[in-house]
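# A look at the structure
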Amino acid sequence: MSSRLGGAALVASPSYPNSVAWSDENLIAVASGHLVTILNPAMPVAPRGFITVPAKKLFPIGVIERKDLLSDCLLPTSLSRDFRPCVRSISWSPIGFAPNSGCLLAVCTAEGCAKLYCSPFCEFSAEWLEVMDISDILYDYLANINFMEPDILTSEISDDRGIQDLGHSVLRKEHKRNGRDVGSTASTEVATFPSSFLREGSSVEVFKMYGSQRVWIIGVLERFNGARALVRFQETAQHDEWVEMNECNEISGTVLPSDTMDEQANRFPKIRPSMNVGNLPDQKLWANCNGVGEILKIGQAVEAWTNDRWQEGEFVGFSKGGLQVKLSGDIAFVTLDASSVRLAPLWNGEHKSWQLTIVKIEMDYPKLPTVVDLKSDRPKEDNRHEIVCITKSERKTLKKIPEEHSLSLVTANKYTSRSAMLSLLVVSWSPVLFLSSGNGNSSNCYSLLAVGGKSGQVSVWKICEPECHTIENARFSSKSMLVGLFRAHDAWITTISWALLASDTSVPQLLLGTGCSDGSVKIWLGCSDGLLSSPEVNLAPFALLKEGILVDCVPVSVLSLIVPAQFPHKVLLAIGRGSGSFEVWLYDIKNSNFHKVDSNDVHDLVVTGLAWAFDGRYLYSCSQDNCLRCWLLNGDSLSEVPFPSTAPCLKSSTDIPNVSDSCFGVAVSPGNLVLAVARSFDAELLNPMYQARKKAAVEFYWTGGQQLDISLHRQLDTDIQSIPGFSEKELSYWESNILWSLNQFECPNKCLVVWDIILTLSAFRQSNSTYVEQILNKWLLGSHMGFYTKKNLSKISSRKLHLLNILCRRVVLSELKSDNVICEKEEKWTLWRELLRSSEEELRIRLVGLCFTAVNRLSYDSIEKSAQHGYFDSMGLAQMEQWVALNNGAEDQLKLLASEVRKLDMRVDYEEERCSYCSASVQFESPEVAFCKAIQSHKLSRCAVSMKICPTTTPLWFCICCERWVSKLAPKTLFELHGYPSDLKSSTESSILEVSRKALCPFCGILLQRLQPDFLLSASPV
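What comes next concerns the included structure. (Residues numbered from 1 in each chain as written. Predicted model: local features only at pLDDT ≥ 70, side-chain atom pairs only at ≥ 80, totals over all residues. Heavy atoms only, no water.)

### Quick look at the packing of aromatic side chains
Heads up, the condition is: Each aromatic pair joins two rings of Phe, Tyr and Trp (for Trp, the six-membered one) with centres within 6.5 Å, and gets the label stacked for planes under 30 degrees apart, edge-to-face for over 60, and tilted for any other angle. Per-residue accessibility, obtained with a 1.4 Å probe over protein chains only, is compared with the maximum for each type, and a residue is labelled buried under 20%, exposed over 50%, and partly exposed between these values. Only DSSP runs of H or I covering at least 4 residues are called helices, and only runs of E covering at least 2 are called strands; the numbering of each starts at the N terminus. Charge-over-ring contacts are defined here by two conditions on Lys NZ or Arg CZ: a distance within 6 Å of the ring centre and an angle within 35 degrees of the ring normal.
Evaluated as defined, the whole model comprises 28 aromatic pairs. Between phenylalanine 207 and tryptophan 216, the aromatic rings sit 5.3 Å apart at their centres with planes inclined by 65 degrees, giving edge-to-face as the arrangement. Tryptophan 216 carries the same exposure label as phenylalanine 207, and that label is buried. Ring geometry for tryptophan 734 against phenylalanine 764: centres 5.2 Å apart, planes inclined by 75 degrees, an arrangement best described as edge-to-face. Taken together, the positions of tryptophan 734 in helix 7 (residues 728-744) and phenylalanine 764 in helix 8 (residues 755-767) put the pair 30 residues apart, joining distant regions of the chain. As far as burial versus exposure is concerned, tryptophan 734 and phenylalanine 764 are alike and both buried. In textbook terms, an aromatic cluster arises when at least three aromatic residues are bridged by ring pairs, as seen for Phe207, Trp216, Phe268, Trp347 and Trp354. The lysine or arginine in question, arginine 964, covers the ring of phenylalanine 1003, its NZ or CZ lying 4.2 Å from the ring centre.

Structure below.
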């Protein structure tokens, strides 16, 4: 294929779909066997990063009896013999979530382990650092709620509301057996729930009177205030309420049995720990059961679960349909299922605890479960209990449970269910989101990580952007938490995809696509703020938008979801399946119309990759049949188009053997001009002497010359410069796609990663530099920079100026050294050199003007205080004033601001700067470099923001485009300006004082980084 750009060999072969991912900072991750290989597409054979997948971690979810190993549900586990770790899913976070402003990488293994990793930018190592173990945190949460099981006492009992409290309860056996040779016997246990269980965030039950009805309503205890507690009720009709915690008299409107009508029985607190346990056994077990009459008597006080609340009443008798119960406030009795009734809990005022009698039916004297209060070494596990089944004889001598027997004995079904909850399969990051309301001291920028598993559940994790980035250490200090957990499917979740939905409100809406091994596909709609409104994990964070896209139950292998920018109310969904077919669906949000655009069976094996490009105009698909295909979406029709037959020539330093047999994923570059494909090799065709270590490869292809539908855009240009081997139509395609890519980066919210644009323009420039200048001139005219006077530049946005500087330095003036770009006197560079100089001067004027405005707004003490929270500080004001005095072309408004700064009664540092090496004096002559006055003068770099001499003892930020150093980050407003403000002094935006949260170069706008040695991996945004 002539559009092939090059490639990089891998030492291990991919095994699962979507094995390649391209990050927003221009790094590529490939899941290949037990490794994740991270490489720089600009230098694919250069040093790489690696993540070595650890061995499977076993969680203490319980033990089973040996006879259960042959159960149907456990056969896959029992017969499994593959203990080799293997990466199943990878996903990059948006930019800015790593400690150094880069991207985090989420990795999920076939063994079910999910973790987050970041670059070892401080470690001088190729091995990436683990920063968060998703599996560990998920296990802690599930263990605390007893894996969402319905009851809690036997190996079949658990509850998600009471499980956190029962671990500290004391159970007393009170067996009542009246015969030895009986089929079943009734027995009781008493569970004690002390008032100490009441704590912030715990589930509670609150007493209320509705006329003569006595009910207990479920709620969550928010906080305490003396002897009162604020409770948030789960019922929508209820409101938050302050509840008295002391004992009070409550006279029942129903005549209770005489043995319960004493003064102490009428005094009890109106709030108690959640006790959603003790439901009576199924009525079928009561037949011929010994001892029932001694436990459940006529007139016995009971509680019934009706209308999502516990209602008090008394037991009247048995019937064929269930138990007859007279509820408080009712005249007649009702017949209820036994499983919805329990014996009424009793308040023990002396011990300040509630006692709940639990009835059990024991068949043929089986082993009886005993709850043992085990102390955990891990603080988070202190509220968990363990259940150990022991015999009656063992119970007499039991004093201490040995550590090796501390796991609970569970059934095969329960073990399988718990294991499936912890067996994670796929990870996917959402686009970056912003909180609609955030306080000034915490990050309001975050991303959601969706993790799907074998149980069909999806867990949603909120990862906040760090409040400040650093290159001094790689410590991960971002806030992260589990915010959602819901069942999306009934089988394995095999793929997940996100999209951000355009919304007319300030609250962003998210689309989540999930694919399952049973062939079903679902699209979910969620409000980002809704995931954060509750302090607890949201069990229903998304609403189902569309479901049931089934094709003969063929497993779904990949999904790709996109909301095109040109059609913000339309959603495109591509679905790849294990049969080799894929479909494209279109959802019109305005009309709520969901229909299939097209379906294709062109692939012979599993579809392993789907990727949208050029804002939904193109779709790339790949499969295990080793085919890579391109599709053009035109309205409601999808047609296959060939890859570009011609492409610019670049020397490739990698020799990739042409023996691939499968594709395992496809990814598109940030600028959409290059494609990456992961391929595995046929081992039998490799040369055993020279190619034995090459198991797979990442191959790159040009996509910038893709065929366009001319009728939808414009007629072909007739003045296109010719290049040997290219037709005018092909050059028009390249030009149109390059201009489209440049225009996408004019949005300030999109990180400037233009490596593929620079690569394409540089490659064409080797053949015909006039063709490249023609493209750039059209972009300049479209950006209103055609007549590049100083006045025109002041009307241009900072983002366009950043793009202009990058294009000048890396394309037109790339042959010159960075130090000599502006000083070069050769005539052929005059035009672009002057454009670059004027553009950088305009950005420096804006930077200095913003700093002076911030100083004029705040007093010195205010600046010192706010500097600790990511706001502007006064460093470099003296140097900025000197630069204004030396610069004759400075704006009059800037000179006025500088004079006002001098009048302020502030302790601005006007001391003479000293050389970091010899302590000689240094005068301010240039904002870029400085020379000390020693006999052997030292050349010193100045900070590109503050203009102060850069320190030599601490790490500095570095721009790989203009090669400037930065010790202090620029104001956030600099990167958002649409032009030079006519009156900076009157600006009232509070953001003018904020320092940019991301480390960005003030002159290029790209991500700054810590300069790495040549033998270590680093990103190349340009």
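Structure shown, so let's carry the discussion forward.
### Side note on the nonpolar core
Using the following cut-off: By nonpolar core we mean a set of buried residues, namely Ala, Val, Leu, Ile, Met, Phe, Trp, Tyr and Cys, connected to one another through side-chain atoms within 4.5 Å.
Counting 138 residues, the largest nonpolar core has Ile38, Tyr620 and Phe852 as the members making the most contacts within it. Among the elements that take part in this core, helix 12 (residues 830-857) stands out by supplying 11 residues, more than any other. By size, the runner-up hydrophobic cluster in this structure holds 32 residues, among which are Leu104, Ile134, Ala143 and Leu449.

### Examining the pattern of salt bridges
As a reminder, the rule being used: We count a salt bridge whenever a side-chain nitrogen from Lys or Arg sits within 4 Å of a carboxyl oxygen from Asp or Glu.
Scanning the model with the defined rule gives 30 salt bridges in all. A salt bridge links glutamate 241 to lysine 208, with the nearest nitrogen and oxygen atoms 2.6 Å apart. Of this pair, glutamate 241 sits in strand 15 (residues 241-244) while lysine 208 is found in strand 12 (residues 203-210), placing the two residues 33 residues apart along the sequence. The shortest N-O distance in the salt bridge between glutamate 547 and lysine 522 comes to 3.9 Å. One end of the pair, glutamate 547, is in the loop between strand 37 (543-546) and strand 38 (556-562); the other, lysine 522, is in strand 36 (residues 521-527), with 25 residues separating them in the sequence. Given the relative accessible area of 44%, glutamate 547 is considered partly exposed. A single network of salt bridges, built from pairs that share partners, joins Arg809, Glu840, Arg844, Glu928 and Arg964.

### Side note on the sheet that holds strand 9 (residues 129-133)
Defined as follows: Pairing between two strands is assigned when DSSP locates at least 2 bridges connecting them. All axes here are fitted lines through C-alpha atoms, helices being fitted over the stretch that makes contact, and every angle between N-to-C directions spans 0 to 180 degrees.
Across the sheet, which stays open at both edges, the 4 strands sit in the order 6-7-8-9 with antiparallel pairing between neighbours. Of all the strands in the sheet, just strand 6 (87-92) and strand 9 have a single pairing partner and so form its edges. Strand-to-strand twist in this sheet, taken as the mean axis angle between neighbours without regard to direction, amounts to 30 degrees. One ladder, built from 4 bridges, connects strand 7 (residues 105-109) with strand 8 (residues 114-118); its direction is antiparallel.

### Points about the packing of helix 7 against helix 8
Worth spelling out the cut-off: By definition, any crossing whose near helix is turned counterclockwise from its far helix by less than a right angle is left-handed, and any crossing with a clockwise turn is right-handed. Any two residues whose heavy atoms approach within 4.5 Å are treated as being in contact.
Following both chains from N to C, one finds helix 7 and helix 8 inclined at 145 degrees, their axes separated by 11 Å at the closest point. Seen along the crossing, helix 7 lies across helix 8 with a hand that is left-handed. For the pair helix 7 and helix 8, contact is made by Leu731, Trp734, Ile738, Ser741 and Leu742 and by Ile757, Thr760, Leu761 and Phe764, respectively.

### Some remarks on unusual backbone geometry
Notably, asparagine 146 is not glycine yet its phi reads approximately 50 degrees, a positive angle. Topologically, asparagine 146 is positioned in the loop between helix 2 (134-144) and helix 3 (163-166). Notably, aspartate 615 is not glycine yet its phi reads approximately 60 degrees, a positive angle. Note on aspartate 615: relative accessible area 18%, which makes it buried.

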